[in-house]
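Letter by letter, the chains look like this.
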Amino acid sequence: MSKTFKLDNVEYCIVRKPYTNSPMIARVDGLPIENRKEICRRFLRLHGWTNEMMPNKVITNTLEREINKILNGEGNIPAPKLENTLIKSGESHQPRERSLSYRVINETVDLTEHVSKFTKVYNYDKNGRYHSYDHIRTAFLSLRKDASQRDLLTLHLYAYLASWGMLRNSFLMQKDYKFLTPIVDIICKAKYESLINYDPFNDTGTSNARLIMELVNEMRGYFIGKTYFKEGSDELKTIDNVTDTLVTKILLGTIGCTVAYDTYVRKGLANHNLTQKVEVKSIMELKSFAQHNETEIKEILSKLNNLYTPMKIIDMYFFEEGFDTLR
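Residues numbered from 1 in each chain as written. Predicted model: local features only at pLDDT ≥ 70, side-chain atom pairs only at ≥ 80, totals over all residues. Heavy atoms only, no water.

### Re the side chain of Arg-41
Along the polypeptide, Arg-41 turns up in helix 1 (residues 36-45). Within the buried core, Arg-41 has no salt-bridge partner, and the shortest N-O distance to an opposite charge, that of Glu-38, equals 4.2 Å. (Helix = DSSP H or I, 4+ residues; strand = E, 2+ residues; numbered from the N terminus. Buried < 20%, exposed > 50% of the residue type's maximum accessible area, 1.4 Å probe, protein only. Lys, Arg positive; Asp, Glu negative; His and termini not counted. Salt bridge = Lys/Arg side-chain N within 4 Å of Asp/Glu carboxyl O.)

Written out as structure tokens, the structure reads:
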């Protein structure tokens, strides 16, 4: 049997269409697939693709060819953007990997001024919500390798997200904390262990940035397609969009490998003409920013507990920068 993959505990594989011999996804159990295109899109999201890279008009057969390449170890990450053109039956689509262009930061900023606003509130109120970060980080670092503690770790994550406003006006408001258990399973995978306490100062190349995006898209892949009832009604809604804010807020509080792309951080990034959404380009820019401000970031970290990471300090800076601009 060809290589397989799983989504929502359903196992899929690639089969060959009669006559054309082109690849097509199928369920291993032989049952029909109601929406082949959506299954394709969900799989590709787990492998670094974004909606921009697979427009709605692209035909399902083209997506299936890309899945076949990935299963055979031939796929490109990040994925190429597929054009809105029809591919003739049996015709091979050969994507070209796009070159990565990002801004190299060569400016030194005063991080201490912004971060001091955080530390003042943090030190004054021992039960303030800023301490929720400490609680989830402590739980993640100490419990992630103990499968018997996943329920407790999930509860910590839910409490952290609630404290930081991520349940407000979100599908998470309609779910209990156990809904996040698969997310905890994902971030605790051994393949992402190298991202814990991510060190941007000594990072070279794009491999870490691409691994972060693989993690981001695997988390998104879990949420997409899940259903929930609209508040105060029996109208069933499907999750079709997962914000950068949610997935990166989870990563900031657990692994600590990226900033949280919320409204204020994005505004702060905009003030510096930096990319405002989570993607490989933005992560590379943040790494460059960290390397150019390494001395001050390390000095700030030396005055905090060991739960804090370089990306958390950078998050504080851009948050305060954006907050000062928007208030």
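### So, the packing of helix 11 (residues 294-302) against helix 12 (residues 310-326)
Relative to each other, helix 11 and helix 12 sit at 100°, their axes nearing to 10 Å. Considering the angle they form, helix 11 stands roughly perpendicular to helix 12. Contacts between helix 11 and helix 12 pair Ile-297, Ile-300 and Leu-301 from the former with Pro-310, Ile-313 and Ile-314 from the latter. Its residues assigned to classes, the contact of helix 11 with helix 12 comprises six nonpolar, no polar and no charged. (Axes fitted to C-alpha atoms, helices over the stretch in contact; angles between N-to-C directions. Parallel < 35°, antiparallel > 145°, perpendicular 65-115°, else oblique. Contact = heavy atoms within 4.5 Å. Nonpolar A, V, L, I, M, F, W, Y, C, P; charged D, E, K, R; others polar.)

### Here we look at the environment of Ile-67
One can find Ile-67 in helix 2 (residues 60-71). C-alpha separation for the pair Ile-67 and Met-24, spaced 43 residues apart in sequence, amounts to 9.1 Å. Contact partners of Ile-67, with chain neighbours within four places excluded, come to Phe-5, Ile-14, Ile-25, Cys-40, Phe-43 and Leu-44.

### Section: the packing of helix 4 (residues 131-143) against helix 5 (residues 150-163)
When two helices pack together, their arrangement is captured by the angle between the axes and the distance separating the axes. For the pair helix 4 and helix 5, interaxial distance at closest approach is 9 Å and the crossing angle is 160°. With respect to helix 5, the axis of helix 4 lies roughly antiparallel. The element helix 4 and its partner helix 5 pack so that their crossing is left-handed. Where helix 4 abuts helix 5, its residues Ser-132, Tyr-133, His-135, Ile-136, Ala-139, Phe-140 and Leu-143 lie against Leu-152, Leu-153, His-156, Leu-157, Tyr-160 and Ser-163. Looking at the contact of helix 4 with helix 5, its residues break down into nine nonpolar, four polar and no charged. (Left-handed = near helix turned anticlockwise from the far one by under 90°.)

### Re the sheet that holds strand 3 (residues 23-27)
Sheet strands associate in pairs through backbone hydrogen bonding, adopting either a parallel or an antiparallel arrangement. One open sheet holds the three strands; their spatial order is 1-2-3, and the pairing between them is antiparallel. The outermost strands of the open sheet, each flanked by one partner alone, are strand 1 (4-7) and strand 3. When the angles between neighbouring strand axes are averaged without regard to direction, this sheet yields 35°. Sheet analysis places strand 2 (residues 10-16) next to strand 3, joined by five bridges and oriented antiparallel. Pairing of Arg-16 across the sheet is with Pro-23, part of strand 3. (Pairing = 2+ DSSP bridges.)

### Focus on the nonpolar core
Across soluble globular proteins, nonpolar side chains have a tendency to be buried as a group. Counting residues in hydrophobic clusters, the biggest one holds 80 residues, and the most contacted among them are Leu-161, Phe-223 and Ile-255. Phe-5, Phe-43, Val-58 and Ile-70 belong to the second-largest nonpolar core, a separate cluster that totals 20 residues. (Core = buried A, V, L, I, M, F, W, Y, C linked by side-chain atoms within 4.5 Å.)

### Some remarks on the pattern of salt bridges
Overall, the coordinates contain 19 salt bridges when judged by the stated rule. A salt bridge links Lys-69 to Glu-66, with the nearest nitrogen and oxygen atoms 3.7 Å apart. Within this pair, Lys-69 and its partner Glu-66 are both found in helix 2, separated by three residues, close to a single helical turn. Residue classification places Glu-66 among the buried residues on the basis of a relative accessible area of 2%. Across the pair Lys-303 and Glu-299 runs a salt bridge whose closest N-O atoms are separated by 3.8 Å. Residue Lys-303 is classed as exposed on the basis of its relative accessible area of 63%. Sharing partners across several salt bridges, the network here consists of Asp-8, Arg-42 and Lys-226.

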